[in-house]
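Results of the structural survey
Okay, here's what each chain looks like letter by letter:
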Amino acid sequence: MSQEIVFIAFGSNAGDRQELCDRAVALMNLLPRSRVTGVSSYYESEPIDPQGILGPTWFYNGVVKLETSLSAQRLLVILQETERALGREEENRRGPRTMDFDIIFFGQQVIEQSGLTVPHPRLHQRRFVLEPLVELDPSWNHPVFHRSVKELLESLADTSRVNKLNLLPGAKYGSRQACMGPSA
Ligand code: ADP
Ligand code: MG
């Protein structure tokens, strides 16, 4: 079974955001047929919310890097189950959320199916995704734009505020420490 390098973005803007992100990171370490190889720092980011449906609370965001032999479709199903386990409400899915997972990259695969688009179609517009991605793997290639994530961040128009937090992701549950960047 082939292995792929995968980046999963997580974000929380309801409930105890740090606790929920710590639990999310711990649960990523329990994914079947998968191995977490990096966890970004946590970032606090203002909601990008022109319609005001996300609410005023800033998000905690981060990115997990893993190797997996799961299919992208199977991974998405497990991530959606995990969102529900962490209190995500289906009836108000687009509102404030205890946990949101997005598959950002699945190796260099380009997937366009109903319910699953990879690379994530908005990743290149989002500072709260690109900052943690660059922390983990600045030279990672976007398979559609053929540019590294570092280049995408450098040409980003998104001026929303994203602040790196001085916290140890997942530390509470014995997970890996934050990635210290490519030279660490
Ligand atoms: P968002 O993350 O855009 O705020 P949701 O988490 O409610 O919103 O996701 C909406 C839908 O996006 C999900 O039902 C899922 O099927 C779909 N989707 C498409 N591509 C992806 C992806 N790469 N990662 C996660 N969800 C995706
Ligand atoms: Mg999502």
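For the structure given in this document, a descriptive report is provided here. Since the model is a prediction, treat every value here as computed from it, not as a measurement.

So, about the environment of Trp140. Tracing the chain through its elements places Trp140 in the loop between helix 3 (127-136) and strand 8 (141-142). Residues Trp140 and Gln113, 27 residues apart in the sequence, show an inter-C-alpha distance of 23 Å. What Trp140 contacts, discounting residues up to four positions off in sequence, is Phe105, Leu133, Ser148 and Val149.

When the terminal C-alpha atoms of helix 2 (residues 72-85) are compared, their 20 Å separation across 14 residues agrees well with the 20 Å that a helix rising 1.5 Å per residue should span. Along helix 2, the residues that are buried comprise Leu75, Leu76, Leu79 and Glu83. Seen from one end, helix 2 has its buried residues packed into an arc of 100 degrees, which puts them on one side. The outward face of helix 2, more than 90 degrees from its buried face, is lined by the exposed residues Glu81 and Arg84. Tucked inside the fold, the buried residues of helix 2 contact strand 1 (4-12), strand 4 (59-68), strand 5 (100-106) and strand 7 (116-118). Downstream of helix 2 by a residue or two, Gly87 has a phi angle that is positive, lying close to 95 degrees.

The next subject is helix 1 (residues 17-28). Here helix 1 contains twelve residues, and its C-alpha end-to-end distance of 16 Å stays within 8% of the 16 Å for a straight helix at 1.5 Å per residue. Within helix 1, burial applies to Arg17, Leu20, Cys21, Asp22, Arg23, Ala24, Val25, Leu27 and Met28. For helix 1, the elements touching its buried residues are strand 1, strand 2 (34-39), strand 4 and helix 2.

What follows covers the pairing of strand 4. Here strand 4 lies mainly inside the structure; nine of its ten residues are buried. Across nine bridges, the pairing between strand 1 and strand 4 is antiparallel. Counterpart to Gly11 in the pairing with strand 4 is Asn61. Relative to strand 4, strand 3 (residues 43-45) is paired through three bridges, and the arrangement is antiparallel. Each bridged residue has a counterpart across the sheet, and for Tyr43 the counterpart in strand 4 is Asn61.

This part takes up unusual backbone geometry. Between Val118 and Pro119 the backbone carries a cis peptide bond, its omega angle lying at -5 degrees. Along the chain, Pro119 turns up in the loop between strand 7 and helix 3. Positioned with a positive phi, Arg33 is a non-glycine residue whose angle comes to about 50 degrees. Secondary-structure assignment places Arg33 in the loop between helix 1 and strand 2. Of note, His146 is a non-glycine position whose phi angle comes to about 55 degrees, a positive value. With respect to the secondary-structure elements, His146 resides in the loop between strand 8 and strand 9 (147-148). Judged by the 8 C-beta atoms lying within 10 Å of it, His146 is exposed.

We now examine the environment of Gly95. Within the secondary structure, Gly95 sits in the loop between helix 2 and strand 5. According to the C-beta neighbour criterion, Gly95 is exposed, with 12 such atoms within 10 Å. With 27 residues separating them along the chain, Gly95 and Arg122 place their C-alpha atoms 18 Å apart.

About the thresholds
Residues numbered from 1 in each chain as written. Chains lettered and ligands numbered in written order. Predicted model: local features only at pLDDT ≥ 70, side-chain atom pairs only at ≥ 80, totals over all residues. Helix = DSSP H or I, 4+ residues; strand = E, 2+ residues; numbered from the N terminus. Contact = placed C-beta atoms within 7 Å. Expected span 1.5 Å × (residues − 1). Buried ≥ 20, exposed ≤ 12 C-beta atoms within 10 Å, placed from the backbone. Arc of directions from axis to C-beta. Pairing = 2+ DSSP bridges.

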